[in-house]
Amino acid sequence: MISKNKLKELSVYKQQKRCDEDSVFVVEGVKMCDEILASNLPVHTICATNSWLSSHSVLPSSAEVFEIDDVMLERISGLKTPNEVWMLLDRNILYSSNITNPSGLTIALDHLQDPGNLGTIIRTADWFGIRHIVCSQGSVSCFNPKVIQSTMGGIFRTKIEYADLPAYLAQCNKPVFGALLNGEDIWQGQGLHIPPEGAVLVIGNESKGITPEVQNYVTHRVLIPNLGGTAESLNASVACAILMAEMLRK
């Protein structure tokens, strides 16, 4: 069983600030933790109930493993309803600050603020096999607990970078598609497609859209038609999903 001192030591990671300081992140719950094990990622610490440990005989050799009960789990958990297992991981296993130039479709997020939107975009990108997302420095952290939980494991299969977005787009040498209200209807003309060299799809801030600095690098302005004619705008993650599907369809 875990000691009181160790439990107190781990409980500080309920605070995002402490996670940021120590460059770690927390993953909780059976589904998400099983995704980590399936991805063969190194784990720093595992705290789990006897029932979970009994059904998981093979665990990462890197992990410090502690058996805890439901009351102890509640002390370290950030969830309203703690669920059997809690893991602590180093951020460097996921995060990249090195700008790369991959083929296929890259998603670029310009000052996206909502954790749920980022998590859903990562989850949707995973569904479509998109493995590269670039976020502006002003975007929400991908290590926010709400982001991690809402990716449903997609974050463990996606390379996420934080960069100066205008600088990244200036050197990517690919068509840059941007979702803008003054864009071309995606269902008109030739529609959307990814050229052989790949492309970048930019999604802007939930309320302000794509910043003027980033718009300077958008080569293809696109618009999802408002067939209902009533709603003011689409949710950022929904718009991104529609555009991903349309671009990959051909």
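A brief report on the enclosed structure follows.

Criteria and cut-off values
Residue numbers here run from 1 along each chain, matching the order of that chain's written sequence. At least 70 in pLDDT is required for a residue's local features to be given in this predicted model, at least 80 for side-chain atom pairs to be given and counted, and no such filter applies to totals for whole chains, interfaces and linings, which use all residues. Computation of side-chain values: all heavy atoms of the structure, hydrogens and water removed. Secondary structure elements are taken from DSSP: a helix is a run of H or I of four residues or more, a strand is a run of E of two residues or more, and numbering for both begins at the N terminus. For this analysis, residues touch if any pair of their heavy atoms sits within 4.5 Å. For every accessible area listed, the method is Shrake-Rupley and the probe measures 1.4 Å; residues are considered covered only by the protein chains on display. We treat Lys and Arg as the positive residues and Asp and Glu as the negative residues; His and chain ends play no part in the count. Charged groups are reduced to one reference atom each: NZ for lysine, CZ for arginine, CG for aspartic acid, CD for glutamic acid. For patches, a residue must show more than 30% relative accessible area and have no salt bridge; joins then use 9 Å for like charges and 5 Å for nonpolar side chains, namely Val, Leu, Ile, Met, Phe, Trp and Tyr. Any carboxyl oxygen of Asp or Glu within 4 Å of a side-chain nitrogen of Lys or Arg constitutes a salt bridge here. At least two DSSP bridges between two strands are needed for those strands to be called paired. The axes are straight lines fitted to the C-alpha atoms, using for helices just the contacting stretch, and the angles between their N-to-C directions are given from 0 to 180°. With respect to orientation, any angle under 35 degrees is reported as roughly parallel, any angle over 145 as roughly antiparallel, any angle of 65 to 115 as roughly perpendicular, and every other angle as oblique. By definition, turning the near helix anticlockwise from the far helix through less than a right angle yields a left-handed crossing, and turning it clockwise yields a right-handed one. Side-chain classes follow a simple rule in which Ala, Val, Leu, Ile, Met, Phe, Trp, Tyr, Cys and Pro form the nonpolar group, Asp, Glu, Lys and Arg form the charged group, and the remainder, Gly included, forms the polar group. Relative accessible area decides the class of each residue, using a 1.4 Å probe on protein chains only: under 20% of the type maximum gives buried, over 50% gives exposed, and in between gives partly exposed.

This paragraph deals with the overall build of the protein chain. Within the protein chain one finds ten helices and eleven strands. For the protein chain, the C-alpha atoms occupy an extent of roughly 65 × 40 × 30 Å along the three principal directions. Look at the contacts in the protein chain between residues 6 or more apart in sequence, and 78% of them connect residues 24 or more apart. By element, 50% of the accessible surface of the protein chain is carried by carbon and sulfur atoms, the whole surface being about 12400 Å². Where the 20 positive side-chain charges of the protein chain centre and where its 26 negative ones centre are 2 Å apart.

A few words on a negative patch on the surface. Residues Glu67, Asp69, Asp70, Glu74 and Glu84 make up a contiguous surface patch of negative charge. Looking at the secondary structure, you find Asp70 in helix α5 (residues 70-76).

Okay, the sheet that holds strand β4 (residues 85-90) next. The four strands lie next to each other as β1-β4-β2-β3, forming an open sheet whose pairing is mixed. Since the sheet does not close on itself, it has two edges, and those belong to β1 (24-28) and β3 (64-67), each with one partner. Direction aside, the axes of adjacent strands within the sheet are offset by 15 degrees on average. Sheet topology places strand β2 (residues 45-48) next to β4; four bridges connect them, and they run antiparallel. Within β4, the residue paired with Thr45 across the bridge is Leu88. Sheet strands touched by helix α3 (residues 30-38): β1 and β4. Its angle to β4, the strand with the most contacts, is close to 45 degrees.

Contact geometry for helix α6 (residues 115-127) and helix α10 (residues 236-249): axes closest at 8 Å, N-to-C directions at 20 degrees. By the angle class used here, α6 and α10 are roughly parallel. Relative to α10, the crossing made by α6 is right-handed. Here Asn117, Thr120, Ile121, Thr124 and Ala125 of α6 come into contact with α10, specifically with Ala236, Ser237, Cys240, Ala241 and Met244. Of the residues contributing to the contact of α6 with α10, the split by class is six nonpolar, four polar and no charged.

With that out of the way, let us pick up a positive patch on the surface. A grouping of Lys4, Lys8, Lys14 and Arg75 is seen on the molecular surface, where their side chains present a positively charged patch. By the secondary structure assignment, Lys14 is in the loop between α1 (4-11) and α2 (16-22). By relative accessible area, Lys14 is classed as partly exposed at 47%.

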